[in-house]
Structures are given as C-alpha cells and as structure tokens.
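The lines below spell out each chain.
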Amino acid sequence: MSLTTGPAAPHAAVDKSPGPGSTPAPRGRRSLSRHNLTGWLFSTPFLVLFGLFMLFPIVATLLMSFTDFGARHVTRPLEAEFVGLDNYIRLFQDETFLKALFNTAYFVVVGVPATILLGLLAAILLNNGIDRARTLFRIGFYAPVVTTIVAVALVWRFVLDPSDGLVASLATELGVTAPDFLGSETWAMPSLIAMAVWRNLGTVMVLCIAGLQAIPVEVREAARLDGAGAWQELRRITVPLLRPTLLYATVITSIGYLNVFEEPFVMTQGGPSDSTLTVSLDMYREGFNFFHMGYAGAMAYVLFVVIMGITVLQLRLLKDNTR
C-alpha cells in the first residue's frame, strides 16, 4: 500500500507587530541625532562664554609663557619672539619671585591650619555648646565671608592703625605701645594671616556644622554610655567622622590661600620690603605694571602646578580615611 502526500500546506503569515508584553523598538538614528542636537543648542551659550573668557585666556597664557610677550605685542601678538623655557628658568633665579613663593608658603602653612581649627571649634560650639541665638551667631561668623575685601580692609586698617586704631588704643590703656602691624616686616604677614583667618573661618564653620549634623546621635550616645568624655568623643568620633568634610575644607582653603591676592594688594601693596609679596601679587606686578606678559604667564603656570601638586597630595594622604 503506497502512501501519497498531498500538496504542502501554505506557511502561515507571521505577525511581526509588537505584542502587548513586548518592549518597544529603540529610537532611530535620526531621532537620537535630533536629541543630541537639542542638547548642544542649549549648551551653546555656556560653551561660547567658557571658550571666550576661560579657555582662550588659559591657552593664550600658556603660549605667552614661552615668548617675550610685552606691551609692544598687544596689537601685534605674532611678532612676539619664542624664548622656550627661558621665562621658567629666570623665575627660579629671580630673588623677588623666590621671596614671593616663600611668603605664599608661609601664608598657607600658618593660615590653613588656623582657619580649619578655628572653624571646627566654632562649629562644635554652635552645634553643641550654644542653645540660644544660635542662628544669630552663625550669621555673625559667616558675615565676613560675604563682605567685600575693601570693606574688610578698611575695618582692619582702622583696627591696626598704629596711631589711633583700636589695638593701639587698648595698648595705651594698658600702658604699652602697640607695634606698627602693617608697617613692620615682623608683623605685616601675621596681621594679613589673622585677617584672612577671620574672614574665611565662616566657610569652614558652615561645612563642619553640616558634617556634625550628619553624625548619628546614636553613635554619640553609645560613646557616652561607654564612659567617653568630651575630649575622647571629639578625638575618637567627631574628627574621624568629619574627615571627608575636613578634607574638602582643607583643599578649598589651601587653594584660596595659594592664590592670595586681595589682602596684600589692598592692605600693604606687598610691603614693607616685599615681606607680604605673594606669587599672585608678583604676577600682577609683572603683567600689569611692567607689562612682562610672558614672564607673568610663566608665574601663573608655576603656581598652577604647585596648586595641583598640593591638592593631589592632600587627596592621596587622606583618601583611605574618607571612605
């Protein structure tokens, strides 16, 4: 008995439309390109301003630092002569720049720890030790941060004036003579550091208050139940848990103090005898008083490298402790 097969049944049509539970197809390239174009259009104003007022000056300063660019080249910049690394070599043979570098290091080494410690102390007192008018005290400590340097300088000039200033008057009442704080090579830089610390500790205080309020109350209570005193609580709990905050405060304070310019510019003009001359002020003099633009550009990039190196060093030293 033979078996015969009939004609093959036609294939059923396959329905390729998405079902109710299927994932919708991704957007096409045209839609994605349009989305990217919209983003770039919204970013264009910022990119134009950044390029004109930030990126272009940064690149131009780097190029100028390898030339003898001066006042005569402002209208003819292409006539500036390429000098290679001569400006950078001259820097480290320039006694004025080396003194400015030392003064800046002195300002940072003394000013940063003082600002961090006093800001932390103010934060602890305002967070734990003062119950009434706490907000008023916070505003009072933070007010110098948002006050212009000119107003701050006028106040401190009055306070430190050797003839009829506040400090001189108090010294006279006590029967002693106050030194000329801004006219003495010994006292000028400590006076500027004191003003900078007073003006900037409010920033550290606000950061530390935020960090203190983030510490769980249960941790403090457990330490107290175990018999920890105020000093042990500060050393074993508060400071370790505040390390990320203190790291951030140290980095931004160090960067600000390495760039210190307003305080000596307004108060002492770098004197007496360049005892308060900083790198930024020396850079300003070379660039805008003597019109040695290329030389000032080399100063700017040396300072940039110093700031980057110190910032990276701080982050590496405290990185493991901030995790």
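Look a little higher up for the structure.
Residues numbered from 1 in each chain as written. Predicted model: local features only at pLDDT ≥ 70, side-chain atom pairs only at ≥ 80, totals over all residues. Heavy atoms only, no water.

Enquirer: Sorry if this is basic, but what is going on with the overall build of the chain here?
Expert: When you go through the chain residue by residue, the secondary structure sums to 13 helices and zero strands. Looking at the chain residue by residue over its 323 residues, the buried ones come to 33%. Pairs at least 24 residues apart make up 67% of the contacts formed inside the chain by residues separated by at least 6 positions. Total accessible area on the chain stands at roughly 20,900 Å², and carbon and sulfur atoms take up 66% of it. (Helix = DSSP H or I, 4+ residues; strand = E, 2+ residues; numbered from the N terminus. Buried < 20%, exposed > 50% of the residue type's maximum accessible area, 1.4 Å probe, protein only. Contact = heavy atoms within 4.5 Å. Areas by Shrake-Rupley, 256 points an atom, 1.4 Å probe, with all protein chains shown as cover.)

Enquirer: Sorry, what's going on with the pattern of salt bridges here?
Expert: Pairs may arise between side chains of opposite charge once their charged atoms sit close together. Using the criterion set out here, one finds four salt bridges in the structure. With its nearest N and O atoms 3.9 Å apart, the salt bridge here joins Glu 263 to Arg 199. With a gap of 64 residues between them, Glu 263 in helix H11 (residues 262–267) and Arg 199 in helix H7 (residues 188–213) connect regions that are remote in the sequence. Here Arg 285 and Asp 274 are joined by a salt bridge, their closest N and O atoms 3.4 Å apart. In this pair, Arg 285 sits in helix H12 (residues 279–289) while Asp 274 sits in the loop between H11 and H12, placing the two residues eleven residues apart along the sequence. Looking at Arg 285, the relative accessible area reads 21%, which means it is partly exposed. Residue Asp 274 is classed as partly exposed on the basis of its relative accessible area of 24%. (Salt bridge = Lys/Arg side-chain N within 4 Å of Asp/Glu carboxyl O.)

Enquirer: What exactly am I supposed to notice about unusual backbone geometry here?
Expert: If a residue is not glycine, its phi is most likely negative; likewise, a peptide bond is most likely trans. That bond from Gly 271 to Pro 272 is cis: its omega, -5 degrees, falls within 30 degrees of zero. As for its position among the elements, Pro 272 is in the loop between H11 and H12. Residues other than glycine seldom take positive phi values, yet Gln 269 does so here, at roughly 55 degrees. Considering the arrangement of structural elements, one finds Gln 269 in the loop between H11 and H12. Backbone geometry at Phe 291 places phi at a positive 60 degrees, although glycine is not the residue there. With respect to the helices, strands and loops of the structure, Phe 291 is situated in the loop between H12 and helix H13 (293–318).

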